[in-house]
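Structural description and commentary
Each chain, written out:
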Amino acid sequence: MRVHNIQPNIAITGSEKVNKNTGTGFADLLKQAVQEVNNSQINADVIAEKFAIGEIDNIHQVTIATEQAKLAMDLTLAIRNKVVDAYKEIMRLQF
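Each chain has its residues counted from 1, following the order in which its sequence is written. Local features in this predicted model are restricted to residues whose pLDDT is 70 or higher, and side-chain atom pairs enter the listing and the counts only when it is 80 or higher, whereas totals over whole chains, interfaces and linings include all residues. The side-chain figures draw on all heavy atoms in the structure; neither hydrogens nor water molecules are used.

1. So, a nonpolar patch on the surface
Inclusion rule: Residues qualify for a patch when their relative accessible area is over 30% and they have no salt bridge, like charges being joined within 9 Å and the nonpolar side chains of Val, Leu, Ile, Met, Phe, Trp and Tyr within 5 Å. All accessible areas in this document rest on Shrake-Rupley with a 1.4 Å probe, and a residue is counted as covered only by the protein chains that are shown. Think of a salt bridge as a Lys or Arg side-chain nitrogen and an Asp or Glu carboxyl oxygen that are within 4 Å of each other. Only DSSP runs of H or I reaching four residues or more are called helices, and only runs of E reaching two or more are called strands; each is numbered from the N terminus.
There is a patch of nonpolar side chains on the surface, built from Y87, I90, M91 and L93 and spanning about 440 Å² of accessible area. Tracing the backbone through its elements, the reader meets I90 in helix α2 (residues 59-92).

2. Describing the nonpolar core
Convention followed: We call a set of buried residues a nonpolar core when its members are Ala, Val, Leu, Ile, Met, Phe, Trp, Tyr or Cys and they connect through side-chain atoms within 4.5 Å of each other. Exposure is judged per residue with a 1.4 Å probe applied to protein chains only, and the accessible area is read against the type maximum: over 50% gives exposed, under 20% gives buried, and values in between give partly exposed.
Residues A44, I47, I56, V62, A65 and A69 constitute the largest nonpolar core, which totals 6 residues. Per element, the largest residue contribution to this core is 3 residues, and it comes from α2.

3. Digging into helix α1 (residues 26-53)
An α-helix turns once per 3.6 residues; consequently, residues spaced three or four apart project the same way. So the rule is basically this: Given the number of residues in a helix, its expected span is that number minus one, multiplied by 1.5 Å. Note on contacts: a residue pair is in contact if any heavy atoms of the two residues lie within 4.5 Å.
Over its 28 residues, α1 runs 41 Å from end to end, which matches the ideal 40 Å to within 8%, given 1.5 Å per residue. Within the sequence span of α1, burial applies to L29, V37, S40, A44 and I47. Where α1 is buried, its residues contact α2. Two residues or fewer after α1 comes G54, characterised by a positive phi angle close to 95°.

4. Brief notes about α2
Heads up, the condition is: Pairing of N or O atoms within 3.5 Å defines a polar contact, subject to two protein rules: one partner must be a possible hydrogen donor and the other a possible acceptor, and residues neighboring in sequence count only if both atoms are side-chain atoms.
The first and last C-alpha atoms of α2 sit 49 Å apart over 34 residues, in line with the 50 Å expected at 1.5 Å per residue. Where α2 is concerned, the buried positions are V62, A65 and A69. One side-chain oxygen of the residue at the start of α2 lies 3.0 Å from the amide nitrogen of H60, identifying that residue as N58.

5. Structural notes on the confidence of the model for the chain
Applicable threshold: The predictor attaches a confidence to each residue, and that confidence, scored 0 to 100, is pLDDT.
Residues at a pLDDT of 70 or more form 75% of the chain, whose mean pLDDT is 82. Every residue in residues 6-16 scores below 50 in pLDDT, and together they form 5 contacts with partners more than four places removed in sequence or on other chains.

6. What about the side chain of S40?
Within the secondary structure, S40 is located in helix α1. Of note is the side chain of S40, whose polar atom sits 2.7 Å from the backbone oxygen of V37. When sequence neighbours within four positions are dropped, the list of residues in contact with S40 reads A69 and A72.

7. Comments concerning the pattern of salt bridges
Throughout the structure, instances matching the rule amount to 2 salt bridges. Of the charged contacts, one joins K70 and D74 as a salt bridge, the two residues approaching to 2.9 Å between their closest N and O atoms. Taken together, the positions of K70 and D74, both in helix α2 and 4 residues apart, correspond to about one turn of that helix. The exposure class of K70 is partly exposed, given its relative accessible area of 44%. Given a relative accessible area of 35%, D74 falls into the partly exposed group. We note a salt bridge from E89 to R92, for which the minimum N-O separation is 2.9 Å.

Right under this line is the structure:
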């Protein structure tokens, strides 16, 4: 059984400077994170399809892939909601 690292692949600190030549800005990091969530959804769909046609007979593999995709999506939505809440709070501030 393979254990996946649940630590994020990319660490962002406040002291990092964005190098415009490498294209590792916030937008690129966000696109990469969304792409990883999308890939986990696609992987879960492929595994479920293989199980349905009989190529895979291990229901545990299907369940694990589906739960990983669900958790990744839930985390993404929770982060999005926090960012939207923070934006709304900033907009309420009066200068």
